[in-house]
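What follows is the residue order along each chain.
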Amino acid sequence: MIWTILKWVITPLLLVAVVLALIGRETFHVEVTIPAPPEEVWAVLMDTSAYGDWNPVFTKVEGEYNEGANIRNTVQAPDGQILDIETTVKVLNENRELRQTGGMTGLLTFDHQWLLESVEGGTRVTQHEIDQGLYMWFWDSGWIEPSYAKVSEALRDRIASINH
C-alpha cells in the first residue's frame, strides 16, 4: 500500500523536476570592441598562466586550452566567494572561437564561448553563455553578465597595456 502511494507521489515529482531542468535556461551575452587584431586578443586569452594578472573574475586558470582538454578555473564572485569550476574545451578555432562546457547534466550546465571577429577598428570580442538546468530556478545568476562585462573590459585594458 505504501509503495503505491509513494509511486503516485514520487513519479509526478520526478516528472516536474525533469521538466524544470529542461526549461530552466538563461543566456548571457557581452560584447566589446578591442582596438587590436584578433591574433593579439587570442594570445592573451590563450595565456592561461597570466589570467591572475589581469582577469578580475577568472583569477586562476589551470591547464592549456586544447580541444578536449579539461581546465580548472578559479572564479571570484562579486560577494567574494571563490568557486572552482571544471570545464572541458569543446571547440578551439585559432583567433576565432574558444568554447568550454561544464556542470552536471540536469542540475546546472553551462556552455561558454569567446568569439573573436575582425571588425573595422579592431576585434569584436563576444562572450556568450547558456546556462541551463533545474538549479536555474533557484540560483540568482544576476551577477554573471556584469562580471563578464568586467572581464571584457579587463581584457581590453590588458591588451592596451601590452601594446604601449
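Conventions and cut-offs
Residues numbered from 1 in each chain as written. Predicted model: local features only at pLDDT ≥ 70, side-chain atom pairs only at ≥ 80, totals over all residues. Heavy atoms only, no water. Pairing = 2+ DSSP bridges. Helix = DSSP H or I, 4+ residues; strand = E, 2+ residues; numbered from the N terminus. Axes fitted to C-alpha atoms, helices over the stretch in contact; angles between N-to-C directions. Contact = heavy atoms within 4.5 Å. Expected span 1.5 Å × (residues − 1). Buried < 20%, exposed > 50% of the residue type's maximum accessible area, 1.4 Å probe, protein only. Arc of directions from axis to C-beta. Core = buried A, V, L, I, M, F, W, Y, C linked by side-chain atoms within 4.5 Å.

**Points about the sheet that holds strand β1 (residues 25–34)**
What the 7 strands build is an open sheet, ordered β1-β7-β6-β5-β4-β3-β2; its pairing is antiparallel. At either end of the open sheet lies a strand with only one pairing partner, and these are β1 and β2 (58–62). Across the sheet, the axes of successive neighbouring strands diverge by a mean angle of 25°, strand direction being ignored. Of the pairings in the sheet, the one linking strand β5 (residues 97–104) to strand β6 (residues 108–119) comprises 8 bridges and is antiparallel in character. Across the sheet, the residue bridging to Arg-99 is Gln-113, located in β6. Its contacts with the sheet put helix α2 (residues 38–46) on β1, β4 (82–93), β5, β6 and β7 (122–132), and the angle it makes with β6 is roughly 150°. Here helix α4 (residues 144–163) sits on the sheet and contacts β1, β2, β6 and β7; the angle it forms with β1, its principal contact strand, is near 20°.

**Details of α4**
Here α4 contains 20 residues, and its C-alpha end-to-end distance of 29 Å stays within 8% of the 28 Å for a straight helix at 1.5 Å per residue. Among all positions in α4, only Ile-144, Ser-147, Tyr-148, Val-151, Ser-152, Ala-154, Leu-155 and Ile-159 are buried. Along the axis of α4, the buried positions cluster into a sector of 165°, meaning they face one direction only. Close packing links the buried residues of α4 with β1, α2, α3 (51–54), β2, β6 and β7.

**Examining the nonpolar core**
Ranked by size, the top nonpolar core spans 31 residues in total, and within it Ile-34, Val-41, Phe-58 and Leu-155 carry the most contacts. Contributions of two or more residues to this core are made by β1, α2, α3, β2, β3 (70–76), β6 and α4. Counting residues per element, this core draws most heavily on α4, which supplies 6 residues. With near-sequence residues (within four places) excluded, Val-41 lies in contact with Ile-34, Ala-36, Leu-116, Thr-123, Val-125, Leu-155 and Ile-159.

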